[in-house]
Amino acid sequence: MTAAPLRSVRAPIAGMRLLAPTLTDLMILVGEARPDEIEQYEAILGVAWDRDTIAVDHYQRHGVKFVLVDDGGAPVCAGGWDLVGPDVWQSWMVGTMSHWDRHWRAITKASRLVMSGLFDQGARRLQTNALASRTAACHWYERGLLMRPEGVMRGYGVNGEDVAMFARLRPASGSENG
């Protein structure tokens with residue numbers, strides 16, 4: 001399955017639009033990234049955070065990618081999904097603490113809208129992971145994105161950090177999480 005390119009979507013996110021990200025959007029967001037996201041990136045990938053390299057890497061991804069912009073056109077967060085197996089997609093996201101604090105509801109709605117679109121296009125499984133110490137992020141994956149915790153990969157990070165895995169399966173009829 002290949003995903004269709006993201007077109008501009010206005011509703012149901014009040015005052016926000018979902019667009020395909022520009023390199024400028026990603027440079028802004030990566031340059032102001034949340035400290036806990038930087039820590040997670042470095043712990044899981046074992047690579048130092050470098051704004052230019054990461055922004056270009058995200059821009060060049062071939063999966064589904066989006067930027068949520070406010071009514072003034074400023075990027076609030078960017079994310080996406082990379083195909084990692086037959087109909088299995090792995091998430092990525094970058095945002096800032098100030099945007100999260102102000103727009104977490106819109107970020108949640110936008111993320112769920114993109115997830116629904118992937119399921120509509122045939123995705124079977126959407127998955128993500130987070131440092132287990134990021135309890136607020138783990139809580140958001142469960143409550144906000146309706147993902148199920150699948151366990152903790154103990155000592156997975158480069159310095160022995162525990163990494164929690166979450167997934168959501170294509171909904172079966174009458175079921176929210178397959």
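Residues numbered from 1 in each chain as written. Predicted model: local features only at pLDDT ≥ 70, side-chain atom pairs only at ≥ 80, totals over all residues. Heavy atoms only, no water.

Draft legend 1. Representation of the pattern of salt bridges within the structure. Applying the stated rule across the entire model yields seven salt bridges. D36 is paired through a salt bridge with R34; the nearest N and O atoms lie 2.8 Å apart. By relative accessible area, R34 is classed as buried at 12%. Each of R34, D36, E37 and R134 takes part in a single network of salt bridges with overlapping partners. (Salt bridge = Lys/Arg side-chain N within 4 Å of Asp/Glu carboxyl O. Buried < 20%, exposed > 50% of the residue type's maximum accessible area, 1.4 Å probe, protein only.)

Draft legend 2. Highlighting the sheet that holds strand β5 (residues 125-131). Taken in spatial order, the seven strands of this open sheet run β1-β2-β3-β4-β5-β7-β6, and their pairing is mixed. Unpaired on one side and paired on the other, β1 (17-19) and β6 (148-153) mark the two borders of the sheet. Ignoring which end each strand starts from, the neighbouring axes of this sheet average 25° apart. Pairing of strand β3 (residues 75-85) with strand β4 (residues 88-95), which is carried by eight bridges, proceeds in the antiparallel orientation. Paired with A78 across the strands is V94, a residue of β4. Strands in contact with helix α2 (residues 35-45) are β4, β5 and β7 (163-169); relative to β5, the strand with the most contacts, it is inclined by about 100°. Along the sheet, helix α4 (residues 97-120) contacts β1, β2 (64-69), β3, β4, β5 and β7; its crossing angle with β3, the most-contacted strand, is approximately 35°. (Pairing = 2+ DSSP bridges. Helix = DSSP H or I, 4+ residues; strand = E, 2+ residues; numbered from the N terminus. Axes fitted to C-alpha atoms, helices over the stretch in contact; angles between N-to-C directions. Contact = heavy atoms within 4.5 Å.)

Draft legend 3. Here's a closer look at a nonpolar patch on the surface. Among the surface-exposed residues, L23, V56 and Y59 lie close enough to one another that they form a single nonpolar patch of about 220 Å² accessible area. Looking at the secondary structure, you find L23 in helix α1 (residues 23-31). (Patch = residues over 30% accessible without salt bridge, like charges linked within 9 Å, V, L, I, M, F, W, Y side chains within 5 Å. Areas by Shrake-Rupley, 256 points an atom, 1.4 Å probe, with all protein chains shown as cover.)

Draft legend 4. Up close: unusual backbone geometry. Non-glycine residue D87 carries a positive phi angle of around 60°. On the secondary structure map, D87 appears in the loop between β3 and β4. Despite not being glycine, L146 shows a phi value in the positive range, around 60°. Structurally, the position occupied by L146 is in the loop between α5 (135-143) and β6.

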